[in-house]
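Spelled out, the chains give:
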Amino acid sequence: MTKILTGNRLETGDVLWWDGHDWSTRIADAVAIGDDGAPLLAEMIAAERINDPVLIDVTGTPGNWLPTTTRERVRASGPSVRADLARGSLSTEVI
Amino acid sequence: MYRYDHFDQAIVDARVAEFKDQVGRRLRNEITEDEFKPLRLMNGLYLQLHAYMLRVAIPYGTLSGTQMRMLAHIARKYDRDYGHFTTRQNIQYNWIKLDQFSDLLDDLSKVEMHAFQTSGNCIRNISSDQFAGAAADEIADPRPYAELLRQWSTLHPEFSFLPRKFKIAVIASDTDRAAIQLHDIGLQLRRSDTGDLGFRVYVGGGMGRTPVVGKVLRDWIPVGQYLSYSEAILRVYNRYGRRDNIYKARIKILVNELGIAEFTRQVEAEWALLEPLGLDAPQAEYDRIIAQFADPAYDLSAPDTLDLSDPDFAVWVKQNVHPHKQPGYAIATISLKPRRGIPGDASSAQMDVIADLAERYAQDEIRVTHSQNLVLAHVKKADLYTVWQALAAADLATPNLDLVTDIIVCPGMDYCTLANARSIPISQKIAALFENDVAQQQDIGELKVKISGCINGCGHHHAGHIGILGVDKKGEEAYQLLLGGSGAEDTTLAKILGPGFDENGIVVAVEKLIARYRSIRSDPSERFLDTYRRVGADTFKEAVYG
């Protein structure tokens, strides 16, 4: 299963995904994490700037990731009951 | 209503300054998230699925217009223009930023509000009857006693690290509008044959993972001694509560493991030591607080009649207006369950409208109900039509109090990191079946549907006439169906009816339940709950599962 790295920005709580160089607010920008997942996660935890960093399972292809759990799909799209607050990088329709 | 004295304000100011310093240290990486997390939780700040969530305390659910206007300001300035009123009579904001949090706390403290003890293993916001001080059926206003509990429990050093969270509710009527038997401590104010006031004390009630109906610990404790008696209960719990297992740490588990007789013996023994120490408030302090909850200056010449010639107004009055103890006045409930809405949510513009109405027409008081609605407790009947028109213009006049579309719902997996399933969409789909036909809703009658997105039970599913619990079934959302709960004076716990459903299946099941109820009720006045109690579960099982 493909994994991507996600977390929440300390200052704002924003939901973020790791794009290979920096954190993005768009899941579409996420990169697949390979064998470097564990050290990358350890690095993020030690830096203490991203809360709850975690590797999650996704299907799809780069630019079109779809988390496998409803919880992560909700995080990526926004509340399913407030389409006006949707993040735009993933439609609430996929929840 | 109660106004802070300089002690109250000094406590809030000191705590705000302390937490602002802690926030600054976290933002500068001087403390880790592991160190910061318990500090922010003790100040009501959670990290949820999309952002930080702040829960602001509303003691016993009472607000002034100024306070409501500040809640609107916070929604507008620091959040996304709305707030969510909760089943603990509080308000939550879902999109808070940590780097703006210090300014937010300053704004809150300007109107005698804060967020501490809305999380953590401490005594939480004291809840009460939303009709307190106005209800025709109460023997006295219970809020002075709730306020004294608030003062006693605020930053209480001995009870800041309890085995688990602790919830207290206070009422003063035989009609229970605060679910006191489902609290860690439930207090019912009563009057003796000789005219004295005292409390019946329930202990060990609660919902969540292990739902339990509270037991009567004492049938009578004089009002002058309820504080030391409460302290004795907390001491026994603090000493022996199960700190080794979070799922067994609530007082209800201790009461069940010891048995009510032994638990009572231990509390009485502790109280015998405590009571002589003079912990209870002097009469002057009771008098000072009670005076702040004195009745407003009623217009004694206010007419006690209503013009119900507008049929839409008449429907709203029938459903959402209750008798007031003062002739010429009424209690109006503002439904936060509009068509296609999210239960408990209010926009900042709506909060401003309610603040204005409270100041102009309701003695500057607003109440939050545990059913996620709001109340204007003192409205002249002569002003009621004007109030209704203003509410209707703001989509706040849905006439559905206690009907099938007045659903209690937790935020569920649309917001909450603990949730296993979404709950708001389920409520919207159930409401959609009935919300366009008020007459049909009224024909169905009182029907309390309550939905939680996880076993923690913030949506009170165990107290629902129809309860729904969201669960995780191999990564998919699923829903259990429960029947027969009540959080009123006839408290019972709902029981699971049978196998669970998917999102659409649970909605169909509820529709079938209601259809079966209407076909078998003894007469139109028999409530769903009463029919269930009369005939049992089998016929409803047959209706749902075939």
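See the structure shown above.
Below: a short report on this structure. Each chain carries its own residue numbering, running from 1 in the written order of its sequence. Just so you know, chain letters begin at A and ligand numbers begin at 1, following the order they were written in. With the structure being a predicted model, the display of local features is reserved for residues of pLDDT at least 70 and the display and counting of side-chain atom pairs for 80 or more, all residues being used for whole-chain, interface and lining totals.

## Comments concerning the overall build of chain A
Short version of the rule: Secondary structure counts use DSSP, requiring at least four H or I residues in a row for a helix and at least two E residues in a row for a strand, with both numbered from the N terminus. For the radius of gyration, the atoms used are the C-alpha atoms, and the globule rule reads 2.2 Å times the number of residues raised to 0.38. Counting other C-beta atoms within 10 Å of each residue's C-beta, where C-beta atoms are placed from the backbone, gives the exposure class: buried for 20 or more, exposed for 12 or fewer, partly exposed between. Any pair of residues counts as being in contact when their C-beta atoms, constructed from backbone geometry, are within 7 Å of one another.
Secondary structure assignment for chain A yields two helices and five strands. Sequence-ordered secondary structure for chain A, helices as α and strands as β, is β-β-β-α-β-β-α. On C-alpha atoms alone, chain A measures out to a radius of gyration of 13 Å, which is about the 12 Å that the 2.2 N^0.38 rule sets for 95 residues. Taken over 95 residues, chain A has a buried fraction of 36%. Taking the intrachain contacts of chain A between residues at least 6 apart in sequence as the baseline, contacts between residues at least 24 apart amount to 43%.

## Looking at the interface of chain B and chain A
Basically, it comes down to this: All residues other than Ala, Val, Leu, Ile, Met, Phe, Trp, Tyr, Cys, Pro, Asp, Glu, Lys and Arg, Gly among them, are scored as polar; the first ten of these are nonpolar and the last four charged.
Taken together, the contact between chain B and chain A spans 24 residues of the former and 21 residues of the latter. It is helix α13 (residues 424–434) of chain B that contributes the most residues to the side of chain B that touches chain A, three residues altogether. In the side of chain B that touches chain A, the residues fall into twelve nonpolar, five polar and seven charged.

## A closer look at the environment of V255(B)
All names here are of chain B. Take V255: it is sitting in helix α7 (residues 251–258). Expressed as a C-alpha distance, the spacing of V255 and V203, which sit 52 residues apart in the sequence, is 8.0 Å. Beyond its immediate stretch of four places on either side in the chain, V255 contacts V203, G204, K215, I260 and F263.

## A few points about the packing of α13(B) against helix α15 (residues 503–520) of chain B
Residues and elements named next belong to chain B. Just so we agree on the cut-off: Here an axis means a line fitted to C-alpha atoms, over the contact stretch when the element is a helix, while the angle between two N-to-C directions is reported on a 0 to 180 degree scale. In these notes the angle categories are as follows: under 35 degrees is roughly parallel, over 145 is roughly antiparallel, 65 to 115 is roughly perpendicular, and the rest is oblique. In a left-handed crossing the near helix is turned counterclockwise from the far helix by less than a right angle, and in a right-handed crossing that turn is clockwise.
Remark: α13 packs on α15, axes separated minimally by 10 Å, with the N-to-C direction vectors making an angle of 40°. Classed by the angle they form, the pair α13 and α15 counts as oblique. The two elements α13 and α15 cross, and the hand of that crossing is right-handed. On α15, the residues touching P425, I426, K429, I430 and L433 of α13 are E503, I506, V507, V510 and E511. Of the residues assigned to the contact of α13 with α15, the class counts are seven nonpolar, no polar and three charged.

## Description of unusual backbone geometry
Residues and elements named next belong to chain B. We note that Q372 has phi near 65°; this positive angle belongs to a residue other than glycine. With respect to the element layout, Q372 can be found in the loop between β14 (366–368) and β15 (374–380). Residue classification places Q372 among the buried residues on the basis of 25 C-beta atoms within 10 Å.

## Focus on the pairing of strand β2 (residues 52–56) of chain B
Residues and elements named next belong to chain B. Heads up, the rule is: For two strands to count as paired, DSSP must find a minimum of two bridges between them.
Most of β2 is tucked away, with five of its five residues classed as buried. Here strand β1 (residues 45–47) pairs with β2 via three bridges, running antiparallel. Bridged to L45 within β2 is L54. With antiparallel pairing between neighbouring strands as the criterion, β1 and β2 make up a hairpin whose turn holds four residues. Examined bridge by bridge, β2 and strand β5 (residues 91–96) share four bridges and lie antiparallel to one another.

## Focus: the sheet that holds strand β1 (residues 2–9) of chain A
On the basis of which strands lie adjacent, the open sheet formed by five strands has the order β3-β2-β1-β4-β5 (chain A) and antiparallel pairing. Strand pairing shows two members of the sheet lacking a second neighbour, β3 (23–24) and β5 (66–67) of chain A, which therefore form its edges.

## A look at the sheet that holds strand β10 (residues 215–222) of chain B
All names here are of chain B. Taking strand neighbours across the sheet as the criterion, the five strands line up as β6-β7-β8-β9-β10 in an open arrangement whose pairing is mixed. Strand pairing shows two members of the sheet lacking a second neighbour, β6 (127–128) and β10, which therefore form its edges. Looking at chain direction, strand β9 (residues 197–203) and β10 are connected through five bridges and run antiparallel. Its bridge partner being in β10, V201 is matched across the sheet by R218.

## A closer look at the pairing of strand β4 (residues 82–85) of chain B
Residue and element names in this part refer to chain B. Burial along β4 is two-sided: the face carrying Y82 and H84 and the face carrying G83 and F85 are both buried. Summarising the sheet, β4 and strand β13 (residues 345–347) pair through three bridges and their orientation is antiparallel. Looking at β13, one finds that H84 is bridged to D345. Inspection of the sheet shows β4 paired to β5 by two bridges, in the antiparallel sense. Along β5, the bridge assignment pairs H84 with Q92.

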